[in-house]
Amino acid sequence: MRRTWAALIAAALAAAPLAALPVAATPAAALDNGLARTPPMGWNDWNAFGCNVGEKLVEQTADKIVASGLRDAGYTYVNIDDCWMAGSRGADGQLVPDPAKFPHGIAGVARYVHGKGLKLGIYESAGTKTCAGYPGSLGHEQRDADSFAAWGVDYLKYDNCNNLGIPSRQRYQAMGDALARTRRPIVYSLCNWGEESVASWARPVGNLWRTTGDIDASYGRMLYIFHQNAKLADAAGPGAWNDPDMLEVGNGMTPVEDRTEFSLWAEMAAPLISGADLRSARPDTLALYGNKEVIAVDQDRLGRQGRPVSMKNGLDVLAKPLADGSVAVTLFNENTAPAVISTTARDIGLGPARGYALRDLWEHRTTESAGVISATVPGHGTVMYRVAPTATPGRYAPHLVLDTTAPGWTAGSSATVTATLTNHGTRTADGLQLGVATPTGWAAAPLTPVRFARLAGGQQAVARFRVTAPAVLPAPITRATVTGTASVRGPGGSRTIAAPNAVELAAPVRAPLKTFTDNAAVFGAQGDRLAIDGAGADLWSRVDQYSAIYRPGAEHDGSTTTVELTAQTPTSEWAKAGIMVRNDITGPGTSPGYVILAEAPGKGYVLQWDSTGSGRLDSNSAPSNEGSGTAAYPTRLKLTRSGSTFTGYRSADGVTWTRVGTATLPHVNAVQDVGVFTSSHSEGTTGQADFTDFRQS
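These notes cover the structure that comes with them. Residue numbering note: each chain is counted from 1, following its sequence as written. In view of the model being predicted, local features appear only for residues whose pLDDT reaches at least 70, and side-chain atom pairs are presented and counted only at 80 or more, with totals across whole chains, interfaces and linings using the full set of residues. Each side-chain value is worked out from all heavy atoms of the structure, with water and hydrogens disregarded.

### Some thoughts on the side chain of Ser680
In this structure, Ser680 sits in the loop between β40 (672-679) and β41 (687-696). Two N or O atoms count as a polar contact when they lie within 3.5 Å, although within protein this holds only if one can serve as hydrogen donor and the other as acceptor, and sequence-adjacent residues are included solely when both atoms are side-chain atoms. One polar contact links the side chain of Ser680 to the main-chain carbonyl oxygen of Ser682, over a distance of 3.1 Å. Only 2.6 Å separates the side chain of Ser680 from the backbone oxygen of Thr685, close enough to count as a polar contact. Contacts are assigned to residue pairs with any non-hydrogen atoms lying within 4.5 Å of each other. Residues within four places of Ser680 in sequence aside, it is in contact with Gly534, Ala535, Gly536, Thr571, Ser572, Ala575, Thr685, Thr686 and Gly687. Only runs of H or I of at least four residues qualify as helices and only runs of E of at least two qualify as strands under DSSP, and these elements are numbered from the N terminus.

### Quick word on the layout of surface pockets
If a probe as big as a water molecule is rolled over the atoms, it shows which places are left empty. Estimated volume of the largest pocket: approximately 1,300 Å³. Cavities and pockets are found on a 1 Å grid laid over the protein atoms alone: a cavity is a set of points where a 1.4 Å probe fits but cannot escape, a pocket is an open set with protein on both sides within 12 Å along at least five of seven lines, and a lining residue has an atom within 4 Å of such a point. Lining the largest pocket are 45 residues, with Thr336, His380, Arg479, Ala502 and Thr686 positioned closest to its centre. Ranked by residue count, the leading element in the lining of the largest pocket is strand β25 (residues 495-506), at 6 residues. For the second largest pocket, the lining is made up of 40 residues, of which Asn47, Ile215, Asp216, Ala217 and Glu573 are closest to its centre. At the level of secondary structure, the elements contributing two or more residues to the lining of the second largest pocket comprise α2 (46-49), β4 (155-159) and α8 (219-230). Grid points are joined across faces, edges and corners, and a volume is the space filled by probe spheres set on the points.

### Describing empty space enclosed by the protein
With the rule as written, the count across this model stands at 3 cavities of 30 Å³ or more. A volume near 110 Å³ is recorded for the largest cavity. As for the largest cavity, its lining consists of Asn44, Asn79, Tyr155, Lys157, Ser189, Cys191, Arg210, Asp243, Asp245, Met246, Pro271 and Ile273. Residue classes follow a fixed rule: Ala, Val, Leu, Ile, Met, Phe, Trp, Tyr, Cys and Pro count as nonpolar, while Asp, Glu, Lys and Arg count as charged, and any other residue, Gly among them, counts as polar. When the residues that make up the lining of the largest cavity are grouped by side-chain class, the tally is 5 nonpolar, 3 polar and 4 charged.

### Thoughts on the sheet that holds strand β23 (residues 460-468)
Paired strands, as defined in this entry, are two strands with at least two bridges between them according to DSSP. Read from one edge to the other, the open sheet built from 4 strands follows the order β18-β19-β23-β21, with strand pairing classed as antiparallel. Each edge of the open sheet is held by one strand with a lone partner, namely β18 (400-405) and β21 (443-446). When strand polarity is set aside, the average angle formed by the axes of neighbouring strands in this sheet is 25°. For β21 and β23, the ladder comprises 4 bridges, and the chain directions are antiparallel. Within the sheet, the bridge partner assigned to Ala443 lies in β23 and is Thr468. Angles here are taken between N-to-C directions and fall from 0 to 180 degrees, while the axes themselves are lines fitted to C-alpha atoms, restricted in helices to the stretch in contact.

### As for the state of the cysteines
Disulfide: a pair of cysteine sulfur atoms within 2.5 Å of each other. Summed over the entire model, instances satisfying the criterion amount to 2 disulfides. Sulfur-sulfur distance for the disulfide between Cys51 and Cys83 comes to 1.8 Å. In this pair, Cys51 sits in the loop between α2 and α3 (55-67) while Cys83 sits in the loop between β2 (77-79) and α5 (105-115), placing the two residues 32 residues apart along the sequence. Among the cysteines of the chain that take part in disulfides, numbered as they appear in the sequence, the pairing is 1-2, 3-4.

### What to know about the packing of α3 against α5
Close contact between α3 and α5 brings their axes to 10 Å; oriented N to C, the two are set at 10°. Between α3 and α5, the angle is such that the two are roughly parallel. Facing α3, whose interface residues are Glu55, Val58, Glu59, Ala62 and Asp63, α5 presents Gly105, Val109, Tyr112 and Val113. Tallied by class, the residues present in the contact of α3 with α5 amount to 5 nonpolar, 1 polar and 3 charged. Each angle is binned into one of four classes, with values under 35 degrees roughly parallel, values over 145 roughly antiparallel, values of 65 to 115 roughly perpendicular, and all other values oblique.

### Side note on helix α6 (residues 141-151)
Per-residue accessibility, obtained with a 1.4 Å probe over protein chains only, is compared with the maximum for each type, and a residue is labelled buried under 20%, exposed over 50%, and partly exposed between these values. Among the residues making up α6, those that are buried are Glu141, Asp144, Ala145, Ser147, Phe148, Ala149 and Trp151. Close packing links the buried residues of α6 with α5, β3 (119-125), β4 and α7 (168-182).

### Considering the nonpolar core
We call a set of buried Ala, Val, Leu, Ile, Met, Phe, Trp, Tyr and Cys residues a nonpolar core when their side-chain atoms join them within 4.5 Å. Ranked by internal contacts, the top residues of the largest apolar core, which has 82 residues, are Tyr75, Trp84, Phe262 and Trp265. Considering each element in turn, this core owes the most residues, 6 residues, to α8. Here Phe262 is in contact with Tyr75, Leu247, Val249, Leu272, Leu288, Tyr289, Val294, Ile295 and Trp362, once residues within four sequence places are set aside.

### Notes on the side chain of Gln688
You can see Gln688 is positioned in strand β41. A distance of 2.6 Å separates polar atoms of two side chains, one belonging to Gln688 and the other to Arg479. Apart from residues no more than four positions distant in its own chain, Gln688 is found in contact with Ile477, Arg479, Ala531, Ile532, Asp533, Ala567, Gln568 and Thr569.

### Concerning unusual backbone geometry
That bond from Ala511 to Pro512 is cis: its omega, 15°, falls within 30 degrees of zero. Relative to the elements of secondary structure, Pro512 occurs in the loop between β25 and β26 (514-517). In this chain, Tyr633 is followed by Pro634 through a cis amide linkage whose omega measures 0°. Within the secondary structure layout, Pro634 lies in the loop between β36 (619-620) and β37 (635-642). Backbone geometry at Ala269 places phi at a positive 50°, although glycine is not the residue there.

### What to know about the sheet that holds strand β14 (residues 365-369)
Here 7 strands make up an open sheet; going across it, the order is β9-β10-β11-β16-β13-β14-β17 and the pairing mixed. Strands at the two margins of the open sheet, each flanked by one partner only, are β9 (307-312) and β17 (397-398). Note that β9 and strand β10 (residues 315-321) share 5 bridges and pair antiparallel. Among the inter-strand pairings, Ser310 is bridged to a residue of β10, identified as Val317. Across the face of the sheet, α8 comes into contact with β9, β10 and β11 (327-333) while running at roughly 140° to β11.

Function cannot be inferred from these measures alone, as they are strictly geometric.
This is the structure we're talking about:
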């Protein structure tokens, strides 16, 4: 297919002049060290392992990169992050690798990694200490650079902690100069978190620079970083790259979100540095990392970062000119519901042509358009095309887009689903049939004709269906998929197109229970089962975002509240779900008498409370930023009240109880609200908590 694609472009370019996307003034020349002419690719341990790094992990990961084919796909650097060294320098002032973690030293690991045809990266900070408290390189730049070179290091990530307030450019230039004097080729990564307008001065200093603070494995954080990085396209080019931080692919986002992150990073010519545990990565995760067509966009030798063509209402189009004259286009849907996103060949910078070949880089299929570039994009999803003009239209199947509108349902209700197929191609499609596929227990019947003999370019076929949801839902919150379908004959053979729509149905919460959220949430109640699918940045200090199902005025002196937490989405290690009591649950950030007994996926169990009456949680039953025990599901939680003193317990069986903590609160009303709650600890990302047997006495 590569030869066919190249031949197609070569034949078309003479006949179809290229327009140009706007380009800003030429930025400063890039660092002249001959390195990172395309964005670096590789792996870093920090996001998956933190300080739990060592020789064995690094070498096993190098083995996996080779065995999985990722080395051959371009992943070259195996990067060690913080915590690799001893807690103090040696008597000679040199950095000392931790002998327990790296018994053969960094030089030994470098030899192993080099023997695999890979390169080794190391970490330091432009401060007195690293971010984890180990010796920093500020004032030791040449000594440390010489050590890195002597050990065989090929890449330096240089962090920004404990910097004494010295301007970034001064500190980063000092290490850059020191690396240059070693005369060893070492890629230089500036990790100053996007501060001090780094993109405006970093090109002659380093090969790449972080444009934001740290990423985490949440859609909300990934989205924020994308927006920040997308603004900085003018700064990027061969040898000098905007770095939106490591890839979180495989670390807990959904498969759709993983694909989006990888697509956007490639479109933005960002370094592709995996932050996952590749040793245990699923086959689909490794396949995503290894998509050579998407990698080729990232690694294109022209070195242009993709620029926004349009960004409106959460529907984004980016275009990246490529060295062969084609343009990589990403259609990104920031929202939760599917949406049709469209642009044109003219808008992405291509000149007039008789037609345009659209190569879908994830589906690995080529279609042909008269000029419209479009797709139905799932919520949080991205479609990625490589678009080139063609002088000989008709070679590929027409570019067809199926849009299915799926309104909301409640249990037992019916709604009209409309399927619309649009032909954006230059040729006619024949033998069309539209349909809708529903889950077991649902019913669907056509309201209009569903067969169409022909569909010419620029025309639409529309069919409507009556779809009925089951009267009894299998769970308090039930998720299903209603999928529009189209079967088509035409140039390129027969094909089937699907446009899935995720549907969420909730059984209503009824009195005496009530619901509250100060973010976004869906609530469900069925028998003794309760469910909350909610977001929320956190419940701590000034942040008080949660969703709750509660009984107003039911908590009193002598109360005992119990519930079984059966499941919790791990949107963050500090996502919280459990029992909440406060004078007024509908008063976040203000209502006192506030205490929660919660389970967090990565922290275990906590009792947290408001010790001042401010309406904000400020005290924790465990040491700072910690919980007790290990999270497990199902778990029973129990919260008792005696006067204004609350005690929380946890149990695996409801018989043997372990105390989590006790707290005495100020400003506790005689009667209070009590309920179950969740907060995803990831603003903009929802996570579900499921409860059974909520009892209060």
